[in-house]
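Residues per chain are reported as follows:
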Amino acid sequence: MLFDTHCHLQFNAYKDDADEVYKKCAEKGVLLNVVGSQRDTSKRAIAYAEKYPDVYATVGLHPIHLLSAEVDEEEVNFKSREEKFDYDLYKKLAEHPKVIAIGECGLELYHLPKGVDEKSAIQIQTEAFIGQYKLAQELNLPLVIHVRSAHRQMIDLLSSLSPLPRGVVHCFTSNWNIAKEYLDLGLYLGFTGVITFPAKKTDPKPQEELLEVVKNCPLDRILTETDAPYLAPQKYRGQRCEPWMVEEVATKIAEIKKLAVEEVMEKAFKNALKLFAKIHF
Ligand SMILES: [Zn+2]
Ligand SMILES: [Zn+2]
(Lines give C-alpha, C1' and ligand atoms only; values in the text may rest on other atoms or scores of the structure.)
(Ligands and ions follow the chains in the order given, each with its own letter.)
Protein backbone atom coordinates (compact mmCIF):
# COMPACT_ATOMS: atom_id res chain seq x y z
CA MET A 1 0.00 0.00 0.00
CA LEU A 2 1.10 3.54 -0.75
CA PHE A 3 -0.32 6.89 0.20
CA ASP A 4 -0.04 9.96 -1.99
CA THR A 5 -0.61 12.35 0.90
CA HIS A 6 -0.74 15.46 -1.30
CA CYS A 7 -2.16 15.68 -4.81
CA HIS A 8 -4.58 17.84 -6.77
CA LEU A 9 -6.64 15.33 -8.77
CA GLN A 10 -9.44 17.93 -8.78
CA PHE A 11 -7.41 20.44 -10.81
CA ASN A 12 -8.17 21.19 -14.46
CA ALA A 13 -5.16 19.14 -15.54
CA TYR A 14 -7.34 16.02 -15.06
CA LYS A 15 -10.69 17.40 -16.14
CA ASP A 16 -10.96 14.90 -19.01
CA ASP A 17 -9.58 11.76 -17.43
CA ALA A 18 -9.72 11.87 -13.62
CA ASP A 19 -11.62 8.54 -13.66
CA GLU A 20 -8.80 6.78 -15.52
CA VAL A 21 -6.12 8.34 -13.34
CA TYR A 22 -8.03 7.26 -10.24
CA LYS A 23 -8.42 3.73 -11.62
CA LYS A 24 -4.69 3.45 -12.19
CA CYS A 25 -4.08 4.53 -8.58
CA ALA A 26 -6.62 2.03 -7.24
CA GLU A 27 -5.02 -0.81 -9.26
CA LYS A 28 -1.65 0.03 -7.77
CA GLY A 29 -3.05 0.29 -4.23
CA VAL A 30 -2.39 4.00 -3.88
CA LEU A 31 -4.60 6.01 -1.52
CA LEU A 32 -5.00 9.72 -2.21
CA ASN A 33 -5.33 12.88 -0.22
CA VAL A 34 -6.77 15.44 -2.62
CA VAL A 35 -5.81 18.88 -1.33
CA GLY A 36 -7.78 22.08 -1.86
CA SER A 37 -6.24 25.49 -2.50
CA GLN A 38 -9.30 27.74 -2.22
CA ARG A 39 -13.05 27.27 -1.86
CA ASP A 40 -13.79 25.78 -5.30
CA THR A 41 -10.90 23.35 -5.31
CA SER A 42 -11.71 22.42 -1.69
CA LYS A 43 -15.32 21.65 -2.62
CA ARG A 44 -14.14 19.64 -5.65
CA ALA A 45 -11.73 17.73 -3.41
CA ILE A 46 -14.70 16.64 -1.29
CA ALA A 47 -16.69 15.72 -4.41
CA TYR A 48 -13.86 13.39 -5.47
CA ALA A 49 -13.62 11.90 -1.98
CA GLU A 50 -17.33 11.15 -2.17
CA LYS A 51 -17.03 9.64 -5.62
CA TYR A 52 -14.00 7.38 -5.14
CA PRO A 53 -13.17 4.86 -2.40
CA ASP A 54 -9.76 5.38 -0.73
CA VAL A 55 -9.72 9.03 -1.73
CA TYR A 56 -9.75 11.64 1.04
CA ALA A 57 -9.91 15.41 1.02
CA THR A 58 -8.16 18.35 2.64
CA VAL A 59 -9.82 21.76 2.61
CA GLY A 60 -8.20 25.13 3.00
CA LEU A 61 -6.88 28.34 1.54
CA HIS A 62 -3.44 28.48 -0.08
CA PRO A 63 -1.44 31.70 0.53
CA ILE A 64 -1.31 32.51 -3.20
CA HIS A 65 -5.07 32.99 -3.15
CA LEU A 66 -4.96 35.68 -0.50
CA LEU A 67 -3.61 38.25 -2.92
CA SER A 68 -4.69 38.78 -6.46
CA ALA A 69 -1.89 37.72 -8.82
CA GLU A 70 -1.13 36.07 -12.11
CA VAL A 71 -0.34 32.49 -11.16
CA ASP A 72 -0.11 29.23 -12.98
CA GLU A 73 -1.80 26.91 -10.56
CA GLU A 74 -3.98 24.73 -12.71
CA GLU A 75 -1.50 24.81 -15.57
CA VAL A 76 -3.34 27.68 -17.13
CA ASN A 77 -2.50 31.27 -16.44
CA PHE A 78 -5.29 32.85 -14.50
CA LYS A 79 -5.78 35.66 -12.13
CA SER A 80 -5.94 34.11 -8.69
CA ARG A 81 -9.14 35.10 -6.98
CA GLU A 82 -8.54 37.12 -3.91
CA GLU A 83 -10.18 35.20 -1.10
CA LYS A 84 -10.33 35.91 2.61
CA PHE A 85 -10.36 32.93 4.94
CA ASP A 86 -14.01 32.30 5.85
CA TYR A 87 -13.92 30.27 9.05
CA ASP A 88 -17.55 29.18 9.00
CA LEU A 89 -17.49 28.14 5.36
CA TYR A 90 -14.38 26.01 5.77
CA LYS A 91 -15.70 24.60 9.02
CA LYS A 92 -18.80 23.31 7.23
CA LEU A 93 -16.60 21.74 4.55
CA ALA A 94 -14.18 20.26 7.08
CA GLU A 95 -16.93 18.52 9.00
CA HIS A 96 -17.39 16.14 6.06
CA PRO A 97 -16.44 12.59 7.18
CA LYS A 98 -13.79 12.24 4.45
CA VAL A 99 -12.02 15.52 5.17
CA ILE A 100 -8.87 14.48 6.99
CA ALA A 101 -6.90 17.75 7.28
CA ILE A 102 -6.92 21.53 6.87
CA GLY A 103 -4.84 23.16 4.13
CA GLU A 104 -2.97 23.72 2.17
CA CYS A 105 -2.18 26.81 4.17
CA GLY A 106 1.07 28.57 4.89
CA LEU A 107 3.52 31.20 3.77
CA GLU A 108 4.62 31.86 0.21
CA LEU A 109 7.12 34.58 -0.67
CA TYR A 110 8.18 33.04 -3.98
CA HIS A 111 5.15 34.18 -5.98
CA LEU A 112 4.59 37.71 -4.74
CA PRO A 113 2.31 39.93 -6.79
CA LYS A 114 3.86 43.15 -8.09
CA GLY A 115 3.52 46.03 -5.69
CA VAL A 116 3.12 43.83 -2.59
CA ASP A 117 6.00 43.95 -0.14
CA GLU A 118 7.14 40.97 1.90
CA LYS A 119 6.04 42.41 5.18
CA SER A 120 2.42 42.98 4.24
CA ALA A 121 2.27 39.60 2.44
CA ILE A 122 3.48 37.84 5.58
CA GLN A 123 0.97 39.74 7.66
CA ILE A 124 -1.99 38.75 5.45
CA GLN A 125 -0.76 35.14 5.11
CA THR A 126 -0.16 34.82 8.85
CA GLU A 127 -3.70 35.91 9.60
CA ALA A 128 -5.16 33.29 7.23
CA PHE A 129 -2.81 30.63 8.60
CA ILE A 130 -3.85 31.35 12.19
CA GLY A 131 -7.50 31.08 11.17
CA GLN A 132 -6.84 27.64 9.67
CA TYR A 133 -4.79 26.62 12.69
CA LYS A 134 -7.72 27.51 14.95
CA LEU A 135 -10.12 25.54 12.77
CA ALA A 136 -7.78 22.55 12.82
CA GLN A 137 -7.59 22.78 16.62
CA GLU A 138 -11.37 23.01 16.96
CA LEU A 139 -11.95 19.97 14.75
CA ASN A 140 -8.88 18.09 15.95
CA LEU A 141 -7.45 17.84 12.43
CA PRO A 142 -3.82 18.15 11.28
CA LEU A 143 -2.55 20.94 9.02
CA VAL A 144 -1.13 20.52 5.52
CA ILE A 145 1.47 23.29 5.49
CA HIS A 146 2.84 24.94 2.35
CA VAL A 147 6.06 26.94 2.71
CA ARG A 148 8.01 28.52 -0.11
CA SER A 149 10.90 30.93 0.43
CA ALA A 150 9.63 31.60 3.97
CA HIS A 151 10.95 28.83 6.25
CA ARG A 152 12.37 31.21 8.87
CA GLN A 153 9.07 33.07 9.12
CA MET A 154 7.07 29.81 9.29
CA ILE A 155 9.24 28.32 12.02
CA ASP A 156 8.88 31.53 14.07
CA LEU A 157 5.12 31.53 13.50
CA LEU A 158 4.72 27.87 14.47
CA SER A 159 6.89 28.35 17.55
CA SER A 160 4.57 31.12 18.74
CA LEU A 161 1.52 28.82 18.73
CA SER A 162 0.28 26.99 21.76
CA PRO A 163 -0.61 24.18 21.55
CA LEU A 164 1.62 23.35 18.60
CA PRO A 165 -0.36 22.06 15.62
CA ARG A 166 -0.07 18.52 14.33
CA GLY A 167 0.76 18.48 10.65
CA VAL A 168 3.05 18.02 7.69
CA VAL A 169 5.33 20.45 5.89
CA HIS A 170 4.48 19.29 2.41
CA CYS A 171 6.89 19.18 -0.55
CA PHE A 172 9.88 19.76 1.69
CA THR A 173 12.87 21.10 -0.26
CA SER A 174 15.21 22.85 2.18
CA ASN A 175 18.26 21.79 4.20
CA TRP A 176 18.76 19.68 7.33
CA ASN A 177 18.98 22.64 9.75
CA ILE A 178 15.53 23.81 8.68
CA ALA A 179 14.17 20.24 8.58
CA LYS A 180 15.38 19.62 12.11
CA GLU A 181 13.51 22.65 13.41
CA TYR A 182 10.24 21.36 11.93
CA LEU A 183 10.91 17.89 13.31
CA ASP A 184 11.59 19.40 16.75
CA LEU A 185 8.16 21.05 16.52
CA GLY A 186 6.68 17.57 16.05
CA LEU A 187 5.82 17.92 12.36
CA TYR A 188 6.11 15.40 9.54
CA LEU A 189 8.00 16.13 6.32
CA GLY A 190 6.39 15.33 2.97
CA PHE A 191 8.71 14.44 0.08
CA THR A 192 7.78 14.64 -3.61
CA GLY A 193 9.37 13.64 -6.93
CA VAL A 194 11.81 16.53 -6.39
CA ILE A 195 14.02 14.08 -4.45
CA THR A 196 14.41 12.02 -7.65
CA PHE A 197 15.74 14.94 -9.71
CA PRO A 198 19.45 15.05 -10.60
CA ALA A 199 21.53 17.80 -9.03
CA LYS A 200 22.04 20.85 -11.23
CA LYS A 201 25.58 20.79 -12.66
CA THR A 202 25.94 24.53 -12.13
CA ASP A 203 24.51 24.48 -8.59
CA PRO A 204 24.42 20.97 -7.06
CA LYS A 205 24.18 22.13 -3.44
CA PRO A 206 20.37 22.42 -3.00
CA GLN A 207 19.80 18.85 -4.25
CA GLU A 208 22.66 17.47 -2.15
CA GLU A 209 21.19 19.20 0.90
CA LEU A 210 17.72 17.84 0.18
CA LEU A 211 19.02 14.27 -0.09
CA GLU A 212 20.83 14.77 3.21
CA VAL A 213 17.46 15.65 4.77
CA VAL A 214 15.94 12.42 3.44
CA LYS A 215 18.91 10.50 4.79
CA ASN A 216 18.73 12.06 8.27
CA CYS A 217 14.97 12.30 8.71
CA PRO A 218 13.63 9.53 10.96
CA LEU A 219 11.53 7.13 8.90
CA ASP A 220 8.60 7.55 11.30
CA ARG A 221 8.31 11.24 10.34
CA ILE A 222 8.27 10.86 6.56
CA LEU A 223 5.24 11.11 4.29
CA THR A 224 5.24 10.29 0.57
CA GLU A 225 3.47 12.61 -1.85
CA THR A 226 3.48 13.80 -5.46
CA ASP A 227 1.88 17.29 -5.51
CA ALA A 228 0.45 16.09 -8.86
CA PRO A 229 -0.13 17.54 -11.47
CA TYR A 230 3.23 19.17 -10.73
CA LEU A 231 6.70 17.72 -10.17
CA ALA A 232 6.62 14.41 -12.06
CA PRO A 233 9.47 12.20 -10.77
CA GLN A 234 12.60 12.00 -12.94
CA LYS A 235 11.47 8.78 -14.66
CA TYR A 236 8.41 10.61 -16.01
CA ARG A 237 9.88 14.12 -16.22
CA GLY A 238 8.12 16.30 -18.75
CA GLN A 239 4.84 14.39 -18.38
CA ARG A 240 1.86 15.38 -16.30
CA CYS A 241 2.46 14.00 -12.81
CA GLU A 242 -0.10 11.44 -11.57
CA PRO A 243 -0.56 10.24 -7.98
CA TRP A 244 0.47 6.61 -8.66
CA MET A 245 3.96 7.95 -9.49
CA VAL A 246 4.42 8.29 -5.71
CA GLU A 247 6.03 4.84 -6.00
CA GLU A 248 9.12 6.59 -7.39
CA VAL A 249 9.34 8.74 -4.27
CA ALA A 250 9.24 5.70 -1.97
CA THR A 251 11.84 3.96 -4.13
CA LYS A 252 14.19 6.93 -3.90
CA ILE A 253 13.76 7.20 -0.11
CA ALA A 254 14.60 3.50 0.19
CA GLU A 255 17.68 3.96 -1.99
CA ILE A 256 18.94 6.95 0.06
CA LYS A 257 18.26 5.25 3.39
CA LYS A 258 19.56 1.87 2.19
CA LEU A 259 16.33 0.15 3.18
CA ALA A 260 13.98 -2.24 1.40
CA VAL A 261 11.36 -0.30 -0.56
CA GLU A 262 8.61 -2.43 1.04
CA GLU A 263 9.68 -1.22 4.46
CA VAL A 264 9.61 2.43 3.39
CA MET A 265 6.18 2.00 1.81
CA GLU A 266 4.78 0.28 4.88
CA LYS A 267 6.18 2.81 7.35
CA ALA A 268 5.19 5.85 5.27
CA PHE A 269 1.70 4.42 4.92
CA LYS A 270 1.43 3.91 8.68
CA ASN A 271 2.70 7.45 9.27
CA ALA A 272 -0.06 8.83 7.06
CA LEU A 273 -2.72 6.85 8.92
CA LYS A 274 -1.33 8.10 12.21
CA LEU A 275 -1.32 11.76 11.18
CA PHE A 276 -4.64 11.63 9.33
CA ALA A 277 -6.28 9.92 12.25
CA LYS A 278 -9.82 10.37 10.90
CA ILE A 279 -9.16 7.57 8.39
CA HIS A 280 -10.34 4.20 9.59
CA PHE A 281 -8.56 1.93 7.21
ZN1 LIG B 1 1.97 23.52 -1.82
ZN1 LIG C 1 -0.23 21.37 -3.46
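See the structure shown above.
Treat the numbers as computed from the prediction; the structure is a model and nothing was measured.

> Run through the coordination of the zinc ion (ligand 1), naming residues and quoting values.
In the first shell of the zinc ion (ligand 1), the protein supplies Glu104 (OE), His146 (ND1) and His170 (NE2), at 2.0 to 2.1 Å from the metal. Within one chain, the residues donating to the zinc ion (ligand 1) are spaced in sequence as E-x41-H-x23-H. For Glu104, a relative accessible area of 3% gives the class buried.

> Lay out the pattern of salt bridges in plain terms, naming residues and giving numbers.
Where charged atoms from two side chains of opposite charge come close, those side chains can pair. The full count for this structure, using the stated rule, is 14 salt bridges. With its nearest N and O atoms 2.7 Å apart, the salt bridge here joins Glu138 to Lys91. You can see Glu138 sitting in helix α4 (residues 118-139) and its partner Lys91 sitting in helix α3 (residues 87-94), a full 47 residues away along the chain. Overall, Lys91 belongs to the partly exposed group, its relative accessible area being 23%. Residue Asp156 is joined to Arg152 by a salt bridge in which the shortest nitrogen-to-oxygen separation is 3.8 Å. Highlighted residues: Asp156 and Arg152, both in helix α5 (residues 151-159), separated by 4 residues, approximately one helical turn. The class of Asp156 is partly exposed, set by a relative accessible area of 46%. Salt bridges sharing common partners tie together Asp17, Arg240 and Glu242.

> So what about the layout of surface pockets? Which residues, and what values?
Considered as a void within the structure, the largest pocket measures approximately 1,200 Å³ in volume. Counting only elements with at least two residues in the lining of the largest pocket, the list comes to β6 (99-108), β7 (143-148) and α7 (205-216). Top element by residues in the lining of the largest pocket is α7. It accounts for 4 residues. Counted by class, the lining of the largest pocket contains 15 nonpolar, 14 polar and 11 charged residues. Lining the second largest pocket, in full, are Leu66, Leu67, Glu82, Glu83, Lys84, Phe85, Ile124, Glu127, Ala128 and Gly131. Here the residues of the lining of the second largest pocket are counted per class, giving 5 nonpolar, 1 polar and 4 charged.

What counts, and where the lines are drawn
- Residues numbered from 1 in each chain as written.
- Chains lettered and ligands numbered in written order.
- Predicted model: local features only at pLDDT ≥ 70, side-chain atom pairs only at ≥ 80, totals over all residues.
- Heavy atoms only, no water.
- Donors = N, O, S within 2.8 Å, 3.2 Å for Na, K, Ca; no water.
- Buried < 20%, exposed > 50% of the residue type's maximum accessible area, 1.4 Å probe, protein only.
- Salt bridge = Lys/Arg side-chain N within 4 Å of Asp/Glu carboxyl O.
- Helix = DSSP H or I, 4+ residues; strand = E, 2+ residues; numbered from the N terminus.
- 1 Å grid on protein atoms, 1.4 Å probe; cavity = no way out; pocket = protein on both sides within 12 Å on 5 of 7 lines; lining within 4 Å.
- Points joined across faces, edges and corners; volume = space filled by probe spheres on them.
- Nonpolar A, V, L, I, M, F, W, Y, C, P; charged D, E, K, R; others polar.

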